[in-house]
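Coordinates in review
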Amino acid sequence: MAIEVPIANFTPVIIRGGVYMPSIKFEQAAGVPEPTSSAKVVVTPNGEAVFEWTQGNGLFINIATGEYRFNLSEADTAAITWDSGKYRIEVVDSNGFTVPCIMEGLIFAEDCN
């Protein structure tokens, strides 16, 4: 079954110098995992160049059918110089079609309070 509409958003808040490893599941209406592939997170920070977290660079990894995990280490998050921006998650669905914005929203990075 193809994914036809964007799913609910979430707003990542990354703490610089901490590990960031939440997971995201893509499921069909009946709760069956959606077999997706080639997932990536495209981040557009305010005032900085666009970059991607992908399976290839190890920063957004597939952990089960339809389930992915952000995989940012302490060093990865400490290197973040931006405070806010936008993100979108792109996948290829089970029919081979690219879904360029299955999730999108705001993303933040901050220091410990």
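Scroll up to find the structure.
Attention now goes to unusual backbone geometry. Phi is positive for S38, which is not a glycine, with a value near 55°. Mapped onto the fold, S38 is located in strand β3 (residues 37-45).

As a further point, take the sheet that holds strand β1 (residues 13-15). Paired through backbone hydrogen bonds, the strands of a sheet run either parallel or antiparallel to each other. Read from one edge to the other, the open sheet built from five strands follows the order β1-β8-β7-β3-β4, with strand pairing classed as mixed. Taken across any chain shown, the strands that pair with only one partner, and hence form the sheet edges, are β1 and β4 (51-54). Neighbouring strand axes in the sheet, compared pairwise and without regard to direction, differ in orientation by 30° on average. Pairing of β3 with β4 involves four bridges; the strand directions are antiparallel. Bridging across to β4, K40 finds its partner in T54.

Within the secondary structure, V19 sits in the loop between β1 and β2 (23-25). C-alpha separation for the pair V19 and D76, spaced 57 residues apart in sequence, amounts to 8.2 Å. Beyond its immediate chain neighbours, meaning those up to four positions away, V19 contacts L72, S73 and E74.

Across all of its chains, the model carries five salt bridges by this definition. Salt-bridge contacts for D83 lead to R16; the nearest nitrogen and oxygen are separated by 2.6 Å. Here D83, found in the loop between α1 (74-78) and β7 (84-92), pairs with R16, found in the loop between β1 and β2; they are 67 residues apart in sequence, far enough to count as distant. The class for R16 is buried, based on a relative accessible area of 15%. Here K40 and E52 are joined by a salt bridge, their closest N and O atoms 3.2 Å apart. With K40 in strand β3 and E52 in strand β4, this residue pair connects regions lying 12 residues apart in the sequence. Three or more residues are tied together by salt bridges with common partners; here these are K40, E52, R88 and E90.

Conventions and cut-offs
Residues numbered from 1 in each chain as written. Predicted model: local features only at pLDDT ≥ 70, side-chain atom pairs only at ≥ 80, totals over all residues. Heavy atoms only, no water. Helix = DSSP H or I, 4+ residues; strand = E, 2+ residues; numbered from the N terminus. Pairing = 2+ DSSP bridges. Axes fitted to C-alpha atoms, helices over the stretch in contact; angles between N-to-C directions. Contact = heavy atoms within 4.5 Å. Salt bridge = Lys/Arg side-chain N within 4 Å of Asp/Glu carboxyl O. Buried < 20%, exposed > 50% of the residue type's maximum accessible area, 1.4 Å probe, protein only.

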